[in-house]
Each structure stands twice: as structure tokens, then as C-alpha cells.
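Okay, here's what each chain looks like letter by letter:
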Amino acid sequence: MRKFVISTMVGILVVLLGSTLVLAQTQTKKPAQGQTSSASSSGAVAIGVVDINKIFDAHPNTAKIAELEKKIAEEFQKRQQELNEKGKGKTREEVQKLEEEMNAAWAPVRDEMLKERQALIEERYGDVISAIRKVAESMKLALVIRSALRIPVNQKEVLEMPLVLYGGVDITDQVIQELQNIVAAKEKK
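What you are looking at is a predicted structure, and each value in this text was computed from that prediction instead of being measured.

**Points about the overall build of the protein**
Looking only at helices and strands, the protein has five helices and five strands in total. N-terminal to C-terminal, the α/β element order of the protein is α-β-α-α-α-β-β-β-β-α. Here the protein holds 189 residues, and 26% of them are scored as buried. Here the contacts in the protein between residues at least 6 apart in sequence split such that 72% fall between residues at least 24 apart. Summing over all exposed atoms, the protein offers an accessible surface of approximately 13,500 Å²; the carbon and sulfur share of this is 55%.

**Re the sheet that holds strand 1 (residues 47-50)**
With parallel pairing, three strands are arranged side by side in an open sheet as 2-1-5. Each edge of the open sheet is held by one strand with a lone partner, namely strand 2 (143-146) and strand 5 (169-170). Two elements, strand 1 and strand 5, share two bridges in a ladder whose sense is parallel. Within strand 5, the residue paired with Val49 across the bridge is Asp170.

**Thoughts on the environment of Ala46**
Within the element layout of this structure, Ala46 appears in the loop between helix 1 (2-27) and strand 1. Separated by 98 residues in sequence, Ala46 and Val144 place their C-alpha atoms 8.9 Å apart.

**Section: helix 5 (residues 172-188)**
Helix length check: helix 5, at 17 residues, gives a terminal C-alpha distance of 24 Å against a target of 24 Å (1.5 Å per residue), a fit within 8%. Along helix 5, the positions that sit buried rather than exposed are Thr172, Val175, Ile176, Glu178, Leu179, Ile182 and Val183. Seen end-on, helix 5 carries its buried residues on one side only, within an arc spanning 165°. With respect to the buried face of helix 5, the exposed residues turned more than 90 degrees away are Asp173 and Lys188.

**Side note on the environment of Ile72**
Mapped onto the elements of the fold, Ile72 is located in helix 3 (residues 60-86). Accessibility expressed as a relative area gives 13% for Ile72, which makes it buried. Along the sequence, Ile72 and Val109 sit 37 residues apart, while their C-alpha atoms lie 9.4 Å from each other. When near neighbours in sequence (up to four residues on either side) are disregarded, Ile72 contacts Trp106, Met113 and Leu114.

Rules behind the numbers
- Residues numbered from 1 in each chain as written.
- Predicted model: local features only at pLDDT ≥ 70, side-chain atom pairs only at ≥ 80, totals over all residues.
- Heavy atoms only, no water.
- Helix = DSSP H or I, 4+ residues; strand = E, 2+ residues; numbered from the N terminus.
- Buried < 20%, exposed > 50% of the residue type's maximum accessible area, 1.4 Å probe, protein only.
- Contact = heavy atoms within 4.5 Å.
- Areas by Shrake-Rupley, 256 points an atom, 1.4 Å probe, with all protein chains shown as cover.
- Pairing = 2+ DSSP bridges.
- Expected span 1.5 Å × (residues − 1).
- Arc of directions from axis to C-beta.

Written out as C-alpha cells, the structure reads:
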């Protein structure tokens, strides 16, 4: 498993480096009149890196999602305790019938909470992508990639290994600022 993960990461790095080289070759050509080149004067391709976890944590929906997930778990636990109490002294069939009735009553509430959670996740993702795109375009970056990627070493341990070992412009703080602008603009509407 570990060899597979490492070979996959090496493959990803090779593809990224190859893409960067292709971009560098195409970007070093002179831009057409009226266009600007995204490469610096040295001919290098401008690459941005972001700490995507830090950006997601900065979005207000992250706290709302965590709160909603906690609420769902608490409600589930409460209903499980209620089932345990009501099921004392009953036959297996009676407990199963009671559980089915309680699940039928809980399903619409749970589904609505899960739908709200999914909407928050989708909104957060859209806002993050919009902020990254806006900052990348304003800085004329040719590529933006994650600065870190989680690689499982074994079932009990997760090793944080950076995807970018050298170079790139860290735009995380600019993206967070733009994200705050996007969220503030939505709240004004």
C-alpha cells in the first residue's frame, strides 16, 4: 500500500512538473499585441500555492457545517437513547418495530439537515474556487496548486507531506481576504 501511494505521488509530481515545463515553453513566447504574458521577465511560469485547509477553515460555512454535524450527531444519539429506554422489556420484534417507527419520524428531519449541510459545503466550495480564481487572475498566475497533500502511511497514521517542495508564490492570505470579500458581498444582498 505504501509503495503504491508513493509511486502515485511520484507520478503526480512528474505530471505537474511536465505540465509546468510545457506551460513555461508556451509562456516564454511573446504575447500577441494587446495581451500580457503571465510569465515573469525571466521567462519562468508564475505558480501560486495555497493551503486549502487554511482557506476552508477561514470560510464562515466551515463553522456552520461543524455545528450542523454536531447537531445531527447529538440528535441521533438522543434518539438512540430514547429507543433504548422505550425498548426495555420488549421483544426483539417490538423493538425493531419501534425502531422503524422512530426512523420514519427522524428521516425527514435528518434529510433536511443533510440537505442544508450539503448546500453549505457547495457554497463554501464555490466561494473558495471563485476567490482562488480572482487572486490568480489578478496576479497573472499560470497555475495554482495545493501546498500540502495528506498521504496515509498506515491505517493509524497520516503523514502531512507537502506537494510543493520548493518555489511558487503562496497566495493563501490573499485568497482568504478575497473570500472574506465574497462572503461580505453575499451578506449585503
